[in-house]
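Letter by letter, the chains look like this.
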Amino acid sequence: MADAHALALDRAVVVIGAGTMGAGIAEVAAVAGHRVYLCDTSEAALDRGRAQIRASLDRRVAKGKASAEDAASAFARVIAAGPSAPLQGVGLVIEAIVENLDIKVAALTEMARRVDDDAILSTNTSSLSVTALAARLPAPERVAGLHFFNPATILPLVEVVRGHATDPALVETLVATARAWKKTPVMCQSTPGFIVNRVARPFYGEALRLLLEQQATPETVDAVMRECGGFRMGPCELMDLIGHDVNFAVTRSVWQAFFHDPRYQPSLVQQQLVDAGWLGRKSGRGFYDYRDDAPRPDVHDLQGPAPARVRIEGALGPAQGLVALLEQAGLNVEKTEGAGLLRVDGVALALTDGRSAGARSQALGEPVVLFDLALDYAASKRIALSVAEGTPADVIAQAAGLFTALGKQVSLLGDAAGLAVSRTVAMLVNEAADAVQQGIASEADIDAAMTGGVNYPIGPLAWGRRVGLDYVAAVLTHLSQGYGEDRYRVSPWLQARVREVSHG
């Protein structure tokens with residue numbers, strides 16, 4: 001969609017709510033060249049909002065991202081507007097107040113009376129139904145979601161959310177406007193969690209399940225997801241940063257909105273943290289202790305002897321990148337036909353396929369050490385292993401020795417089906433696939449949303465295609481069989497893509 005459809009610069013923007021998010025959005029619009037009315041019922045809030053904008057613009061100047069003249073002009077375009085202030089030439093209203101449907105409806109209903117009849121009414125809600133909100137306003141076809149991510153001045157993503165009655169031309173205008181504001185817009189239907197807050201649920205949910213089952217500690221899960229999976233933050237430290245009260249509330253909201261679908265089921269682990277008041281960084285304790293002088297727990301690393309002989313039996317699938325690493329390390333490597341295993345001085349190692357190490361060992365008739373999926377085996381600093389209960393210590397050491405010889409740190413999980421990265425990535429791919437299947441958003445927009453909104457190293461669907469959608473489906477199928485739960489059902493979209501590949 002061309003920028004020709006963007007909101008004209010001579011049309012003003014109203015931002016309702018002078019809090020952190022509202023002030024950030026107001027700054028974005030002002031920097032883009034619009035006159036901005038920053039509205040709030042509290043004069044003190046307006047003062048704080050303008051002070052936040054002034055400080056942010058000063059930082060832009062200090063970093064060389066804006067001239068002093070441009071910053072001053074942008075700040076001059078932000079007008080503090082109380083409840084009775086006149087509003088002229090308004091083309092877009094962006095509501096950014098408390099996540100309460102009744103309060104949002106009241107604020108937008110009042111604002112609709114104060115602005116021109118052709119002004120677009122939008123909400124920055126992250127969890128409420130745009131369709132339900134629009135239905136209670138005078139002209140639902142003029143209403144859409146315009147969901148910025150905090151901090152709005154830095155994060156590029158904007159979810160443009162169309163309600164059931166939203167005029168398609170209005171969506172085009174908002175997409176083009178977001179682009180003109182140097183943002184990355186993605187389009188989606190009004191659905192619980194939109195794109196990001198829906199597709200991201202497994203990133204938290206699978207980590208919480210590993211903790212519930214006592215298969216790993218928070219510090220181990222975080223280290224594996226960062227240093228093997230390539231995520232900027234691990235799920236436990238990210239939940240601590242977001243706040244467990246906030247993260248738990250979003251999870252419950254999505255779960256309830258999907259009529260208690262087990263894929264979104266909240267965790268007792270997080271419930272206990274909320275009940276204890278251990279909300280994360282803001283309360284001083286969460287998964288980690290942030291109080292003064294509190295030590296950060298160490299991640300226990302395994303060590304093992306360098307292997308004398310390595311045999312690659314068949315193709316390693318998504319772990320094929322290990323072959324070059326083994327050869328570069330100068331190890332004694334032999335290649336044979338086989339079922340996709342590594343043998344290290346006789347010990348069998350296999351990439352996880354969603355089965356537990358116990359199940360794989362039983363199927364093979366010998367102990368099998370499982371290793372986790374990596375975003376990039378060459379670049380990863382860590383690998384996770386899993387073994388069946390009772391596996392001899394020397395078997396574990398030999399497996400660890402292979403990866404330490406490749407320069408990796410090694411973490412041992414319990415006998416966790418799918419380990420950490422593999423099960424999480426499979427569920428992220430599956431959730432994204434269902435969103436495509438249900439027409440919530442396009443494949444490209446979903447991947448853009450997850451990289452631009454929550455800094456994933458690669459979009460989930462692109463990740464699925466990289467490792468092979470058949471591999472993803474196999475991991476989910478084995479998880480479903482092992483747990484006996486509908487939580488791990490394979491998306492129809494994913495099943496169809498696998499069939500297409502298998503039939504050439």
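Residues numbered from 1 in each chain as written. Predicted model: local features only at pLDDT ≥ 70, side-chain atom pairs only at ≥ 80, totals over all residues. Heavy atoms only, no water.

Student: I'm lost on the UniProt feature "domain: 3-hydroxyacyl-CoA dehydrogenase C-terminal" (unreviewed entry) in the protein in this one. Help?
Tutor: The UniProt entry lists residues 193-290 and 418-499 under the feature "domain: 3-hydroxyacyl-CoA dehydrogenase C-terminal" (unreviewed entry), expressed in the numbering used here. As a span, residues 193-290 carries 58% helix and 0% strand, and end to end its C-alpha atoms are 30 Å apart. (UniProt positions renumbered as here; feature names shortened; annotations may be inferred. Helix = DSSP H or I, 4+ residues; strand = E, 2+ residues; numbered from the N terminus.)

Student: Quick question: what am I supposed to make of the sheet that holds strand 3 (residues 78-81) here?
Tutor: Strands pair in a sheet through their backbones, by hydrogen bonds, and they do so in one of two ways: parallel or antiparallel. The sheet built from eight strands is open, its strands ordered 3-2-1-4-5-6-7-8 with mixed pairing. Here the strands that pair on one side only, and so sit at the sheet edges, are strand 3 and strand 8 (184-189). Across the sheet, the mean angle from the axis of one strand to that of its neighbour is 25°, orientation sign disregarded. Pairing between strand 7 (residues 157-162) and strand 8: six bridges, direction parallel. Residue pairing for strand 8: R162 is matched across the bridge by Q189. Those strands touched by helix 2 (residues 43-62) are strand 2 (36-39) and strand 3, and its axis lies near 170° from that of strand 3. (Pairing = 2+ DSSP bridges. Axes fitted to C-alpha atoms, helices over the stretch in contact; angles between N-to-C directions. Contact = heavy atoms within 4.5 Å.)

Student: Got a minute to help me understand the environment of E389 in this structure?
Tutor: Following the sequence through the fold, E389 ends up in the loop between strand 14 (382-386) and helix 15 (393-405). For E389, a relative accessible area of 83% gives the class exposed. Each C-alpha atom, one on E389 and one on R50, is 60 Å from the other, the two residues being 339 residues apart in sequence. (Buried < 20%, exposed > 50% of the residue type's maximum accessible area, 1.4 Å probe, protein only.)

Student: Hey, could you run me through the packing of aromatic side chains in this one?
Tutor: The geometry of an aromatic ring pair is captured by the separation of the ring centres together with the interplanar angle, meaning the angle of the planes. Throughout the structure, instances matching the rule amount to nine aromatic pairs. Arranged with centres 5.2 Å apart and planes meeting at 90°, the rings of F231 and Y456 form a pair that is edge-to-face. Of this pair, F231 sits in the loop between helix 9 (218-227) and helix 10 (235-242) while Y456 sits in the loop between helix 17 (443-454) and helix 18 (460-467); the two residues are 225 residues apart in sequence, bridging distant segments of the chain. Taking relative accessible area as the criterion, Y456 reaches 7% and is therefore assigned buried. Taking the centre distance of 5.6 Å and the plane angle of 55° together, the rings of F371 and F403 count as tilted. Placement of the pair is F371 in strand 13 (residues 368-371) and F403 in helix 15, with a sequence separation of 32 residues. An identical accessibility class is assigned to F371 and F403; each is buried. An aromatic cluster is present here, built from F203, Y204, F231, Y456 and W463 joined pairwise through their rings. Sitting over the ring of F75, R54 keeps its end group 4.8 Å from the ring centre. (Phe/Tyr/Trp six-rings, centres within 6.5 Å; stacked < 30°, edge-to-face > 60°. Lys NZ or Arg CZ within 6 Å of the ring centre and 35° of its normal.)

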